Amino acid sequence: MSASMSLQPIELLEQPGAQPVTGSAAREPAFLPDAYRLPAGMARNPVAAIQPRVVFIEVTNRCNLLCETCPRTYFTREPLRSLTFDEFVFVAEQFPEMQRAVLHGIGEPLLNRDLPQIIAYLKARGVETLFNSNGTLLTPVWQEALALSGLDEYRCSIDGATPATYARIRGADLLHKIEAGLAGLVQTKARLGVATPRLSIWCVATQENLAELPDLVRMAARLGVPEVYVQRMTFFGHEPEQQYGMARREMAIFGQDAVVQEQVIAECEALSAALGVDFRAAGARDPRSSLTAAMLAGDHPWQACLRPWTTAYVTANGNCLPCCISPFATYDYDSLILGNLFEQPFSDIWNDALYRQFRTDFFTDHPHKACANCGVFWSL
């Protein structure tokens, strides 16, 4: 593919005269935080008109768990690496418009000892900073370090409210340790008189743990955690022969068994009101619409996504991928790599031939296979 290839501009789907987006896809942008949005009236063309404002930077791809829903447990895709502080700064300096930094990828951020220094650097730039963590390493030392770091949000991934369910999904009997760590962080914040990081529990909902969501809301209330989120399970939707562990179509709940889902969500909502714990879903959506918004591929639901124009994802080895969902959405990892910013500046990668072709294919019946799963097998 020539770097000088000529591609036709693609208008924002919501603009007059453009192909309309119906149903959930048409409403999806309304749920997004401002940093994910395009400026009013800006077209989604093959050449992005702005630099990314949301940047996922994988501070490490090392992990201390072997989760049944994570490709890292089953595949080796990149060499093990944790970014040093200097390497992180080199990466971050290539994103002058960054407003929101998300410091997780396929790995556990607390395994990077430079994390407090990395957070301090981002906060000095005025960047909103957050990450997901499995919570198993949340010792008193880390509790104090995070409370003093300026971190805006700490999201703890808990995929079961009972030790047995948690261990089956996460591969280790450590739920008690996570609960102790979260309770300790709540107490540490109070002792130090700080409001951040904001705490939340995130659960990847599957057939295995759906019934335990109400107990997660109860757990959050007991620990002093103010928010619980239902997170979509992503898997190799169009590559069934490559599906692994619990990341399989038969384990998904998106668009399935609406009666049972309604009962569980209704109970969680009642507990939310009674206990003062917010019950939400990933993507800033409400849980009910997040779990029931399945669409047919012919409706092109992925086309409501704005991430190819507003968001960047950089792995610990410098590879630039389309988004944080993509490594979980296709077995064909090499096809996700749009460049490497240790080899060329991100400003060159962002609108190079591979990115332009990716954005062009996005508006066809045959987008990249990772995109083709979104809205069909899970919510955007």
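Quick caveat, the model's predicted, so the values are computed rather than measured.

Conventions used here
- Residues numbered from 1 in each chain as written.
- Predicted model: local features only at pLDDT ≥ 70, side-chain atom pairs only at ≥ 80, totals over all residues.
- Heavy atoms only, no water.
- Buried < 20%, exposed > 50% of the residue type's maximum accessible area, 1.4 Å probe, protein only.
- Helix = DSSP H or I, 4+ residues; strand = E, 2+ residues; numbered from the N terminus.
- Pairing = 2+ DSSP bridges.
- Phe/Tyr/Trp six-rings, centres within 6.5 Å; stacked < 30°, edge-to-face > 60°.
- Expected span 1.5 Å × (residues − 1).
- Contact = heavy atoms within 4.5 Å.
- Axes fitted to C-alpha atoms, helices over the stretch in contact; angles between N-to-C directions.

S.K.: Explain the pairing of strand E8 (residues 311–314) here, please?
M.R.: Note on strand geometry: in a regular strand, side chains alternate between the two faces of the sheet. Covered by surrounding structure in E8 are Thr311 and Tyr313 together with Ala312 and Val314, the residues of both alternating faces. Sheet analysis places strand E1 (residues 54–57) next to E8, joined by four bridges and oriented parallel. Paired with Ile57 across the bridge in E8 is Val314. Pairing of E8 with strand E9 (residues 320–321), which is carried by two bridges, proceeds in the antiparallel orientation. Its bridge partner lying in E9, Tyr313 is registered against Leu321. From the end of E8 to the start of E9, which pair antiparallel, there are five residues, and Gly318 there has a positive phi angle of about 90°.

S.K.: What should I look at first to understand the packing of aromatic side chains in this one?
M.R.: We describe a pair of aromatic rings using the distance from one ring centre to the other and the angle between the two ring planes. On inspection of all chains with the given rule, the structure shows 19 aromatic pairs. When the centroid spacing of 5.5 Å and the interplanar angle of 35° are considered together, the rings of Phe346 and Trp350 count as tilted. Among the aromatic residues, those joined into a ring-pair cluster are Tyr74, Phe75, Phe236, Tyr244 and Tyr331.

S.K.: Would you explain helix H6 (residues 175–192) in this entry?
M.R.: Because each turn of an α-helix spans 3.6 residues, side chains separated by three or four positions in sequence point in the same direction. Here H6 is 18 residues long and its end C-alpha atoms lie 26 Å apart, about the 26 Å a rise of 1.5 Å per residue gives. Where H6 is buried, its residues touch helix H4 (140–149), strand E4 (153–157), helix H5 (163–170), strand E5 (198–204) and helix H7 (213–223). Once H6 ends, the next one or two residues include Gly193, with phi positive near 70°.

S.K.: Honestly, the sheet that holds E8 in this entry has me stumped. Any pointers?
M.R.: Where strands meet in a sheet, backbone hydrogen bonds hold them as pairs that are either parallel or antiparallel. Taken in spatial order, the nine strands line up as E7-E6-E5-E4-E3-E2-E1-E8-E9 in an open sheet, and their pairing is mixed. Where the open sheet ends on each side, the last strands, each with one partner, are strand E7 (278–281) and E9. In this fold helix H3 (residues 115–124) packs onto strand E2 (100–102) and strand E3 (128–133), with an angle of close to 150° to the strand it touches most, E3.

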